[in-house]
Amino acid sequence: MAQKRDPRIDIIFTFLFALIVATSFRWSVIFLGFLTGLGLAFASRLSLKKTLKQFLLADLFLLMVVITLPFTTPGQGIVRLGPLVLTREGLLFALFIFLKANTILLVTYALLGPKNIFEIAHALHHLKVPSKLVQLLFFTFRYLSLLEKEFQKLLEAAKLRGFSPKTALSSYRVWSYLLAALFVRSYDRASRVYEAMLLRGYRGYFPVWHHFAWQPRDTFWSILGGIYLIFMASLAYL
Amino acid sequence: MTPLVELKNISFSYPERPLFTKLNLALWPGQRLGLIGPNGAGKTTLLRLILGLEKAQGGEILFEGHLLQKEKDFYPLRQKIGLVFQDPDDQLFCPTVEEDLAFGPLNLGLSREEVARRLAEVIELLGLKGFEKRYTYKLSGGEKRLVALGTVLTMRPQFLLLDEPTGDLDQKNLEKLLFILKEHLSSYLIISHDLAFLEEVCTEIFWLEEGKLTFFKEGKAGKRQAFSSFRLLN
């Protein structure tokens, strides 16, 4: 616990880094940023298998977005597919966007991934992010795991009574029952939690008890991060 | 003298079944009440009516002599009457034990020093030393129940409503609960199916069935006069 960095530094760094990389149109920035991401991922000791799996999922969405770029960007044609012309500029542009997104994702994942949602929510509170937004984020995250647990419980109960998921109409019916039970239960649970909050004087503001204490090494990390960001910004814009 | 809370001629029914017609109940400081009755008799609903989580279809609810009608009218009542839910998972939502215990008092607008004092007090009372930074969702069932009780105690309620507080408590934690109820609290109403438990901690036990609240039997606990239900013995 003792060597932990103040999570606010990571959040601000990630935000500014993403801002620079997202608005820059230079390959050097993306390249350097990507290397930084790899370095940070290595330093946070992320599991390679798990990370790749998660990136594959995110990249699938990303691919759907960039897939049209090679065909819609004007430029020198390389391949002709019927009425569509794949251009060199388009291909490079798509690759550029793809790498850019992955760079930001990698740094976010390396810096914020290992933190738990509570730390992040606290830090956002302290950074004066609107309370409603923080609560939205916090409860979404908090109750996603609760929903998952609830669903696992329902599914296990069904399996213990001989349910084996198949691609058959009878199976689909059971799935729909499980889903319906999940929705009803989560709704009930959510309203009970809300009532419990009301009874303890909740009026829309989320008070934070635990405050972060700024350590000397936090100053070190902020200066280091600041120098890096200034360097990246000058590379990107000058 | 006016009672803390008074329910007068309360009528309430769910769409599928009627529950209460003309139910009367008064809660006084210093009362240690037990409530027992068959499943579905409306024990939990009665607590929800007191706190304004359910709105009665007829009758009146008074808090310190004032008639409560709108949602806002119930705010002062909820600061002085605490409810410990049947399922502690409904009650705990903050990341750490400490945060959850502090949520109520911080909402009451107390100073940080006062909140710290109350946290220390309740942690000591519940024997939760070392649990401050633990994640609430990773606690065992019994520990969750104690912390859920703690989240209400830090608000220093004048009257405590407990819904089945003995569920999934082991012998050690049950004794802890008995000790807290007997030695540190003076005013509460407890719902339980465990008659022996109720007899131990209550002065009077009531039976709720078919919308009727009737005196069932006396308990063994001594009656105490006190104005705050939360008292620490030094």
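Residues numbered from 1 in each chain as written. Chains lettered and ligands numbered in written order. Predicted model: local features only at pLDDT ≥ 70, side-chain atom pairs only at ≥ 80, totals over all residues. Heavy atoms only, no water.

What about the overall build of chain B?
Helix and strand counts for chain B come out as eight helices and ten strands. Dimensions of chain B, computed from the C-alpha atoms along their principal axes, are close to 50 × 40 × 40 Å. Relative to its full complement of 234 residues, chain B shows a buried share of 55%. Counting contacts in chain B only where the partners sit at least 6 residues apart, residues at least 24 apart contribute 66% of the total. (Helix = DSSP H or I, 4+ residues; strand = E, 2+ residues; numbered from the N terminus. Buried < 20%, exposed > 50% of the residue type's maximum accessible area, 1.4 Å probe, protein only. Contact = heavy atoms within 4.5 Å.)

Regarding the interface of chain A and chain B
If you look at the interface, chain A gives 27 residues, while chain B gives 34 residues. Overall, the association of chain A and chain B removes approximately 2,900 Å² of surface from exposure, summing both partners, and the carbon and sulfur fraction of that is 58%. Looking only at chain A, the three residues that lose the most surface to chain B are Leu199, Arg200 and Trp209 of chain A, adding up to 36% of its buried area. At the junction of chain A with chain B, the criterion picks out five salt bridges. In this structure, arginine 192 of chain A engages aspartate 90 of chain B in a salt bridge whose closest nitrogen and oxygen atoms are separated by 2.5 Å. The interface formed by chain A and chain B holds six residue pairs in polar contact (both at pLDDT 80 or more) in total. Considering each element in turn, the side of chain A that touches chain B owes the most residues, eight residues, to helix α8 (residues 169-199) of chain A. Among the residues making up the side of chain A that touches chain B, the classes are represented as 15 nonpolar, five polar and seven charged. (Buried area = accessible area lost by both parts, 1.4 Å probe. Salt bridge = Lys/Arg side-chain N within 4 Å of Asp/Glu carboxyl O. Polar contact = N/O pair within 3.5 Å; in protein donor to acceptor, adjacent residues only side chain to side chain. Nonpolar A, V, L, I, M, F, W, Y, C, P; charged D, E, K, R; others polar.)

What about the domain arrangement of chain A?
In terms of domains, chain A is made up of domain 1 (7-115 + 213-237) and domain 2 (130-199). Centre-to-centre, using C-alpha coordinates, domain 1 of chain A lies 34 Å away from domain 2 of chain A. (Domains from an automatic or database assignment.)

Examining helix α3 (residues 48-66) of chain A
All names here are of chain A. In this model α3 runs 25 Å from its N-terminal to its C-terminal C-alpha over 19 residues, within 8% of the 27 Å that 1.5 Å per residue would give. Taken together, the buried positions of α3 are Thr51, Phe55, Asp59, Leu62 and Val66. Looking at the buried residues of α3, the elements they touch are α4 (69-72) and α5 (88-112). (Expected span 1.5 Å × (residues − 1).)

A short note on the packing of aromatic side chains
Residue and element names in this part refer to chain A. In this structure the tally under the stated criterion is 15 aromatic pairs over all chains. With 6.4 Å between their ring centres and 15 degrees between their planes, phenylalanine 25 and phenylalanine 96 make a pair best called stacked. Highlighted residues: phenylalanine 25 in the loop between α1 (7-23) and α2 (27-43) and phenylalanine 96 in helix α5, separated in sequence by 71 residues. A relative accessible area of 62% means that phenylalanine 25 is categorised as exposed. By relative accessible area, phenylalanine 96 is classed as buried at 4%. (Phe/Tyr/Trp six-rings, centres within 6.5 Å; stacked < 30°, edge-to-face > 60°.)

Description of a nonpolar patch on the surface
Residues and elements named next belong to chain A. The grouping of Ile78, Val79, Leu81, Leu84 and Leu91 at the surface amounts to a nonpolar patch, some 430 Å² of accessible area in total. For the nonpolar patch, the element with the highest residue contribution is strand β1 (residues 77-81), accounting for three residues. Relative to the elements of secondary structure, leucine 91 occurs in helix α5. (Patch = residues over 30% accessible without salt bridge, like charges linked within 9 Å, V, L, I, M, F, W, Y side chains within 5 Å. Areas by Shrake-Rupley, 256 points an atom, 1.4 Å probe, with all protein chains shown as cover.)

A word on the nonpolar core
One finds Leu181 and Phe197 of chain B to be the most contacted residues of the largest nonpolar core, which totals 39 residues. If we skip the residues at most four places from it in the chain, leucine 181 of chain B touches Arg32, Leu162, Tyr188, Ile190, Phe197 and Val201 of chain B. (Core = buried A, V, L, I, M, F, W, Y, C linked by side-chain atoms within 4.5 Å.)

A word on helix α7 (residues 131-160) of chain A
With 30 residues, α7 of chain A ought to run about 44 Å at 1.5 Å a step, and its terminal C-alpha atoms sit 43 Å apart, in line with that. Trailing α7 of chain A by a residue or two, glycine 162 of chain A shows a phi angle of about 90 degrees, which is positive.

Examining the environment of proline 165 of chain A
All names here are of chain A. As for its position among the elements, proline 165 is in the loop between α7 and α8. With ten residues separating them along the chain, proline 165 and tryptophan 175 place their C-alpha atoms 8.3 Å apart. Residues within four places of proline 165 in sequence aside, it is in contact with Lys159, Ser171 and Trp175.

Comments concerning the sheet that holds strand β4 (residues 58-63) of chain B
Strand order across the open sheet formed by four strands is β2-β1-β4-β5 (chain B), with antiparallel pairing between neighbours. Of all strands in the sheet, those with a lone pairing partner are β2 (17-27) and β5 (66-67) of chain B, marking the two edges. (Pairing = 2+ DSSP bridges.)

Brief notes about the pattern of salt bridges
Residues and elements named next belong to chain B. Applying the stated criterion across every chain yields a total of 22 salt bridges over all chains. Between lysine 80 and glutamate 64 there is a salt bridge, with its nearest N and O atoms 3.7 Å apart. Separated by 16 residues along the polypeptide, lysine 80 in helix α2 (residues 75-80) and glutamate 64 in the loop between β4 and β5 bring together distant segments of the chain. Accessibility expressed as a relative area gives 30% for lysine 80, which makes it partly exposed. Under the relative-accessibility criterion, glutamate 64 is labelled partly exposed at 34%. A salt bridge links aspartate 89 to lysine 144; its shortest N-O distance comes to 3.0 Å. You can see aspartate 89 sitting in helix α3 (residues 88-91) and its partner lysine 144 sitting in helix α6 (residues 141-153), a full 55 residues away along the chain.

Comments concerning the packing of helix α5 (residues 112-126) of chain B against α6 of chain B
All names here are of chain B. The geometry of α5 relative to α6 is characterised by a closest axis approach of 10 Å and an angle of 145 degrees between their N-to-C directions. Classified by chirality, the crossing of α6 by α5 is right-handed. Residue-level contacts link Val122, Leu125 and Leu126 of α5 to Leu146, Leu149, Gly150 and Leu153 of α6. The class makeup of the residues in the contact of α5 with α6 is six nonpolar, one polar and no charged. (Axes fitted to C-alpha atoms, helices over the stretch in contact; angles between N-to-C directions. Left-handed = near helix turned anticlockwise from the far one by under 90°.)

Observations regarding unusual backbone geometry
Even without glycine at this site, lysine 128 of chain A takes up a positive phi of about 65 degrees. Looking at the secondary structure, you find lysine 128 of chain A in the loop between α6 (117-126) and α7.

Observations regarding the side chain of aspartate 6 of chain A
In this fold, aspartate 6 of chain A is placed in the segment before α1. Among residues more than four places away in sequence, those in contact with aspartate 6 of chain A are Phe212, Trp214 and Asp218 of chain A.

Notes on the environment of glycine 150 of chain B
All names here are of chain B. Within the element layout of this structure, glycine 150 appears in helix α6. For glycine 150, a relative accessible area of 0% corresponds to the buried category. Sequence separation of glycine 150 and isoleucine 81 is 69 residues, and the distance between their C-alpha atoms is 14 Å. What glycine 150 contacts, discounting residues up to four positions off in sequence, is Leu101, Val122 and Leu126.

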